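# Chain and residue survey
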Amino acid sequence: MRFLNSLLMVFCFLFLISCGGESENTKKIKTGPKPIEHFEGSFTDLRDNQTYRTVKIESQTWFAQNLNFKMANSFCYKNKKEFCDEYGRLYTWNSAINSACPSGWRLPSKNDYEVLFSAIDHYVNAGKGPLELQIGVGKILKSKEGWLDKNIKASDDYGFTILPAGDMHDGGHFMNVKEHSRFWTITEIDEKLAYSISFVYSNQEAEFAYAGKNDGFSIRCIKN
């Protein structure tokens, strides 16, 4: 009887160890961030028959190229067509909101960009603090090539392909090509200022900034 009791005690001890190990292993299993769904496509603007690459990232569908529709108060960098062919046109804010995007598409709001950045931030910086929002977003969205610094280490993971199109100030002063890219949003600050989005070759961030409505920036249209 003593032998049977001892055997039973050993069995129970081994069973508890076994169960405890399984529980510990289960706790160590971590689920990583959900990968971002993205699908590439194309859209032809019937106003001038230009075709643009598009990309759907999560719930949003964006132009994956800068708009190049010619209209009043839109410009080629340094007024040279080859820059329009490569980077698209630069628009004042009033021209940007004045039906610059084709039917079915619109100029994105600040919130639209925040939704995009938050999705990427959740994937890239999962588990980090809120102050780190937007860090790494520039790296993920920028083109791998074309920037002033060839070692920029941009990854363009989702085909958004931001190029350093430069910008225009003071009614005709062009600057920052290969260094900087800025995009209009429809979100106003006041009668003179609106929000823009800025990407610079020297860092991996995407930044919101105020800008004068007469400046000339790029446009990425978002689907309605």
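Residues numbered from 1 in each chain as written. Predicted model: local features only at pLDDT ≥ 70, side-chain atom pairs only at ≥ 80, totals over all residues. Heavy atoms only, no water.

Taken as a whole and judged by the stated rule, the model has 5 salt bridges. One salt bridge connects E188 with K213, and the closest N-O pair in it is separated by 2.4 Å. Placement of the pair is E188 in strand 9 (residues 180-188) and K213 in the loop between strand 11 (207-212) and strand 12 (222-223), with a sequence separation of 25 residues. The class of E188 is partly exposed, set by a relative accessible area of 45%. K213 sits in the buried class, given a relative accessible area of 8%. (Salt bridge = Lys/Arg side-chain N within 4 Å of Asp/Glu carboxyl O. Helix = DSSP H or I, 4+ residues; strand = E, 2+ residues; numbered from the N terminus. Buried < 20%, exposed > 50% of the residue type's maximum accessible area, 1.4 Å probe, protein only.)

Note: most residues except glycine have negative phi, and most peptide bonds are trans. In the Ramachandran plot, K78 falls in the positive-phi region, its phi being about 55° despite a non-glycine side chain. Residue placement: K78 occurs in the loop between strand 4 (74-75) and helix 2 (81-87). A positive phi is found at T161, a non-glycine position, where the angle reads about 55°. Within the secondary structure layout, T161 lies in the loop between helix 5 (137-141) and strand 7 (167-169). With a relative accessible area of 17%, T161 lands in the buried category.

Per the counting criterion, the structure on display carries 2 disulfides. A sulfur-sulfur separation of 2.0 Å characterises the disulfide bridge that pairs C76 with C84. One quick way to see it: the torsion about the S-S bond of C76 and C84 is about -110°, and its sign makes the bridge left-handed. Take C76: its relative accessible area is 11%, and that puts it in the buried class. A relative accessible area of 3% means that C84 is categorised as buried. Here C101 engages in a disulfide with C221; their sulfurs sit 2.2 Å apart. (Disulfide = S-S within 2.5 Å.)

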